[in-house]
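Here are the chains, one letter per residue:
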Amino acid sequence: MPNLVPTLLRRVMTTLAETEKTLSDARKAVNGVTEEAEELIHTANQISDDVKGKMKAVDPLLESVHDVGDMLQNVTSSVKRNALQKRNPKTIHAQERNSVQIKLK
């Protein structure tokens with residue numbers, strides 16, 4: 001039995017040393033990941049700010065494109081109305097029973 005205690009103590013000491021080394025390695029790994037995560041977040045914030053700035057720069061262009069689309073729609077509608085009016089002349093009945101056709105522009 002006296003031999004058993006020193007052997008047990010050596011094993012416990014070896015296990016404690018290995019545990020301490022494992023914990024130290026884990027701390028280093030976590031610190032490395034933390035630094036990388038902070039850099040990633042910083043880069044993501046820079047990209048987000050850049051995208052926001054570019055969107056603000058493009059907004060007036062999109063509004064102009066929308067306005068041009070509205071104008072084109074108005075012109076197209078006007079052309080369609082004129083084409084329909086030319087195709088369907090209006091008939092005006094006089095007091096006499098003679099019909100007179102008048103094309104309105």
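In the block above lies the structure referred to throughout.
Residues numbered from 1 in each chain as written. Predicted model: local features only at pLDDT ≥ 70, side-chain atom pairs only at ≥ 80, totals over all residues. Heavy atoms only, no water.

1. A look at the pattern of salt bridges
Thought 1: The full count for this structure, using the stated rule, is two salt bridges.
Thought 2: The salt bridge involving Asp25 is made with Lys21; its shortest N-O contact spans 3.1 Å. Taken together, the residues span about one helical turn, with Asp25 and Lys21 both in helix H1 (residues 4–87) at a distance of four residues.
Thought 3: We classify Asp25 as partly exposed; its relative accessible area is 38%.
Thought 4: Accessibility expressed as a relative area gives 52% for Lys21, which makes it exposed.
Thought 5: Lys54 is the salt-bridge partner of Asp50, the closest N and O atoms lying 3.2 Å from each other. Linking Asp50 with Lys54, this pair stays in helix H1, spanning four residues, or about one helical turn. (Salt bridge = Lys/Arg side-chain N within 4 Å of Asp/Glu carboxyl O. Helix = DSSP H or I, 4+ residues; strand = E, 2+ residues; numbered from the N terminus. Buried < 20%, exposed > 50% of the residue type's maximum accessible area, 1.4 Å probe, protein only.)

2. Details of a nonpolar patch on the surface
Thought 1: A cluster of nonpolar side chains, namely Leu8, Val12, Met13 and Leu16, defines an oily patch on the protein surface of about 400 Å² accessible area.
Thought 2: Relative to the helices and strands, Met13 is located in helix H1. (Patch = residues over 30% accessible without salt bridge, like charges linked within 9 Å, V, L, I, M, F, W, Y side chains within 5 Å. Areas by Shrake-Rupley, 256 points an atom, 1.4 Å probe, with all protein chains shown as cover.)

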